Amino acid sequence: MAIVGIDLGTTNSAVAVWSPEGPRLIPNALGEPLTPSVVGLDADGTVLVGRAARERLATEPERTVASFKRWMGSGHVARLGRGQSFRPEELSALVLKSLKADAQAHLGTEVTEAVISVPAYFNDIQRKATLDAARLAGLPVERLVNEPTAAALAYGVASKQEGTVLVFDLGGGTFDVSLLELYEGVMEVRATAGDVALGGDDFSDVLAGVIADDLRIAPDSLSPGDRARLLRVAEAVKRGLTAAPEAAYEIRLGEAVRRGQLDRARLEAAAAPLLHRLRAPLERALSDSGKRLADLDGVILVGGATRMPVIRSLVARLFGRLPLVHVDPDTAVAQGAAVQAGLKARHAALEEVVMTDVCPFTLGIAITENARTAGATQVMLPIIERNAAVPVSRAHRITTVHDGQDHIEVKVFQGESLRPDDNIPLGQVPVTLPKAPAGTETAEVRFTYDINGALEVEVAVVSTGLRRRQVFRNGANLDEAEIEARFAALAAIKLAPREQAENRALLARADALYAELRGELRQHVAGRVARFEREIAEASGSEPEALRAAFAADLDALEDHRFRF
């Protein structure tokens, strides 16, 4: 039996386990540490997860979906093919099931529990959606860990260095920043902030717009396949500009092949609004922590998007220093989640490591201001301010606002807005009290928030001693019946066998290449696919590995001969 750590990412996901040597990444069926967070439907209705699905984004855009982490906690429904529809929790569950299968195959034992990372700025609804996804995947989860906190754990365990560090976490779809103090094995989060709608995908979208402008095409006028190819080229240009000052591109749109070139200056100019949005969370985290730039001993970059030179140069300009590179930005969160899993399992090697975190959002209640006037209005009364160290307990007294008032509905909210309706409702706690003139009866409202994200609300009526207590846990958005129904539906879905993952990924790559080519080269690809399928069906022993290597080499040669997109 094993507890694993999982980074459930927007672009890629990863799973890791704590070992005596430290956190260890678990490879997927293709031998890779990263599994693309992409889900697709094959022609026969089989569900594909990972690289095989990602290769089909351009050729089968109506049957493939990616970046669904951004929809977590929403009512968005993705439709794949003609009849299949999935909530984001279900799509995430399919990725989690794939990671669980990889872990069990690699470890040779059952995975009984997982620690899953979430963006630090995920609200209560989004966190509960993540737990729903885990339940749908048949994966028990008691603990969620904030992504920058996980990255700091990986850094602290790997480097053994002390001081005040800022974690700059720019993933595919979200941005988090956390400020931590590391001292004698204690890792204390002082403040966190973020933007759950800002990530590497947005930079790809900006580049897609630049390419469309250069080619004088309107993205909205393109077919789904051409739009997918445009985005794929934009992502390739983004990677190209990470490696070199300029990047050329080539794309087939309809019957025409179009070419162009972009440089880093164009990207920085086009992405200026996105770069500006990165500043506000940084400023908030520094302000809430009471720290200055001069107090920082280092900046840790996390998330694949931080590989972009435009991001690294922005960080260098803002903080006046080069970022630390002790951990791999693509896998740091998964490694940190594995450390957290090790802490939960009480591994001896982590006995001297202590991790403290903060409550990322303000927790409060709705109260009435100016109750006896025409200007009566509901406002948010903070009980626990954002970035309070957890566990934490705070109390506040409230009084009645009407003559003869015999009860209070204490409505609990999460968020930073003055207006309760603009915050996230968590629930309510009703209490009865003696009728009396307005302002006479008083109740004490106490909030207690623990490391697992459970909020206990206790309301005590001062005059009678009556107490009402309710715990708002990281529970579920879906009710029990809906969880069971969706679990059964997912269990009935035909998943691609794990042992066929490499074959399916190669065939999906060949399908994408076939769609881009014409004439003799296209027919050559078709013939090579047919030959591979025939050979792999008849192969035995170690032959499949050699056949796959030969097929992959042929695809490499064809892509180099023609063009990659």
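Residues numbered from 1 in each chain as written. Predicted model: local features only at pLDDT ≥ 70, side-chain atom pairs only at ≥ 80, totals over all residues. Heavy atoms only, no water.

In this section: the overall build of the chain. Looking only at helices and strands, the chain has 15 helices and 27 strands in total. Since a compact globule built from 565 residues should have a radius of gyration of about 24 Å, the 26 Å found for the chain is in line with a globular shape. Overall size of the chain, expressed as C-alpha extent along the three principal axes, is 90 × 50 × 50 Å. Buried positions account for 51% of the 565 residues belonging to the chain. Across the chain, every contact between residues at least 6 apart in sequence was considered, and the portion connecting residues at least 24 apart equals 65%. Surface summary for the chain: the accessible area is close to 24500 Å², and the carbon and sulfur share equals 48%. (Helix = DSSP H or I, 4+ residues; strand = E, 2+ residues; numbered from the N terminus. Rg over C-alpha atoms; globule rule 2.2 N^0.38 Å. Buried < 20%, exposed > 50% of the residue type's maximum accessible area, 1.4 Å probe, protein only. Contact = heavy atoms within 4.5 Å. Areas by Shrake-Rupley, 256 points an atom, 1.4 Å probe, with all protein chains shown as cover.)

Attention now goes to the sheet that holds strand β26 (residues 455-461). On the basis of which strands lie adjacent, the open sheet formed by four strands has the order β22-β25-β26-β27 and antiparallel pairing. A strand with exactly one partner marks an edge of an open sheet, and here the two such strands are β22 (392-399) and β27 (467-472). Neighbouring strand axes in the sheet, compared pairwise and without regard to direction, differ in orientation by 15° on average. (Pairing = 2+ DSSP bridges. Axes fitted to C-alpha atoms, helices over the stretch in contact; angles between N-to-C directions.)

Attention shifts here to the packing of helix α4 (residues 147-159) against helix α11 (residues 332-344). Packing of α4 against α11 leaves a shortest axis separation of 7 Å and a crossing angle of 80°. Relative to α11, the element α4 is oriented roughly perpendicular. Touching E147, A150, A151, L153, A154 and V157 of α4 are A332, V333, Q335, G336, A337, V339, Q340 and L343, all from α11. When grouped by side-chain class, the residues that make up the contact of α4 with α11 number 10 nonpolar, three polar and one charged. (Parallel < 35°, antiparallel > 145°, perpendicular 65-115°, else oblique. Nonpolar A, V, L, I, M, F, W, Y, C, P; charged D, E, K, R; others polar.)

Right, let's get into the domain arrangement of the chain. Splitting the chain by domain gives domain 1 (2-198 + 272-358), domain 2 (200-271), domain 3 (361-472) and domain 4 (498-561). Taking the mean C-alpha position of each, domain 1 and domain 3 sit 33 Å from one another. At the interface, 14 residues of domain 1 touch 12 residues of domain 3. Of the roughly 1200 Å² buried at the junction of domain 1 and domain 3 (both faces included), carbon and sulfur atoms supply 51%. Considering only the side of domain 1, the residues that lose the most area to domain 3 are D124, R143 and V358, jointly responsible for 32% of the buried surface there. (Domains from an automatic or database assignment. Buried area = accessible area lost by both parts, 1.4 Å probe.)

With that settled, consider the packing of aromatic side chains. With the rule as written, the count across this model stands at three aromatic pairs. When the centroid spacing of 4.5 Å and the interplanar angle of 35° are considered together, the rings of Y121 and F361 count as tilted. Highlighted residues: Y121 in the loop between β10 (111-118) and α3 (124-136) and F361 in the loop between β18 (354-359) and β19 (363-369), separated in sequence by 240 residues. Y121 gets classed as buried once you look at its relative accessible area, which sits at 11%. Its relative accessible area of 9% is what places F361 among the buried residues. (Phe/Tyr/Trp six-rings, centres within 6.5 Å; stacked < 30°, edge-to-face > 60°.)

Turning our attention to the sheet that holds strand β7 (residues 64-66). Paired through their backbone hydrogen bonds, the strands of a sheet run either parallel or antiparallel. Spatially, the three strands line up as an open sheet ordered β6-β5-β7, and their pairing is antiparallel. Edge positions in the open sheet fall to β6 (47-49) and β7, since each of these has one partner strand only. Strand-to-strand twist across the sheet, computed as the mean angle between neighbouring axes with direction ignored, equals 15°. Each of β5 (38-41), β6 and β7 touches helix α2 (residues 88-107); the most contacted strand, β6, lies at about 70° to it.

Attention now moves to the side chain of Q335. Position of Q335 among the secondary structure elements: in helix α11. A residue is classified by how much of its surface remains accessible, and Q335, at 17% relative accessible area, is buried. Setting aside its immediate chain neighbours within four residues, Q335 contacts A16, P23, L25 and A154.

In terms of burial, strand β14 (residues 186-195) is largely enclosed, as seven of its 10 residues are buried. Inspection of the sheet shows strand β13 (residues 175-183) paired to β14 by nine bridges, in the antiparallel sense. Note on β14: the bridge partner recorded for L180 is V189. Bridge analysis of β14 against β18 gives three bridges, and the strand direction is parallel. Residue E188 lies in a different strand from β18, and its bridge partner there is T356.

Here we take up the nonpolar core. Note on soluble globular proteins: their nonpolar side chains tend to be buried together. Counting 46 residues, the largest nonpolar core has L166, F168, I211, V237, L278 and I311 as the members making the most contacts within it. For this core, the domains that each give at least three residues are domain 1 (2-198 + 272-358) and domain 2 (200-271). Here L166 is in contact with V177, S178, L179, L282, L296, G298, V299, I300 and F319, once residues within four sequence places are set aside. In terms of nonpolar packing, the next biggest core, distinct from the first, is built from 38 residues, I6, L80, V95 and A137 among them. (Core = buried A, V, L, I, M, F, W, Y, C linked by side-chain atoms within 4.5 Å.)

With that out of the way, let us pick up the pairing of strand β12 (residues 163-170). Burial within β12 is extensive, with eight of its eight residues counted as buried. Along β12, one buried face is formed by G163, V165, V167 and D169 and the opposite face, lined by T164, L166, F168 and L170, is buried too. Two strands pair when backbone bridges link them, and β12 and β13 are joined in this way by eight bridges, in the antiparallel orientation. What sits directly across from T164, in β13, is E181. Here β12 hands over to β13 after four residues, the two strands then running antiparallel side by side. With five bridges connecting them, β12 and strand β17 (residues 298-302) associate as parallel partners. Within β17, the position partnered with V165 by the bridge is G298.

A separate point is helix α5 (residues 200-214). An ideal rise of 1.5 Å per residue puts 21 Å on 15 residues; α5 measures up with 21 Å between its terminal C-alpha atoms. Along α5, the positions that sit buried rather than exposed are G200, D201, D202, F203, S204, L207, A208, V210, I211 and A212. Positive backbone phi, approximately 55°, marks R216, located one or two places after α5. (Expected span 1.5 Å × (residues − 1).)

A cis geometry characterises the amide bond from V390 onward to P391, with omega recorded as 5°. Tracing the backbone shows P391 in the loop between β21 (388-390) and β22. The backbone phi angle of R216 is positive, close to 55°, even though this residue is not glycine. Inspection of the secondary structure puts R216 in the loop between α5 and α6 (224-243). Positive phi, close to 65°, is recorded for N387, a residue that is not glycine.

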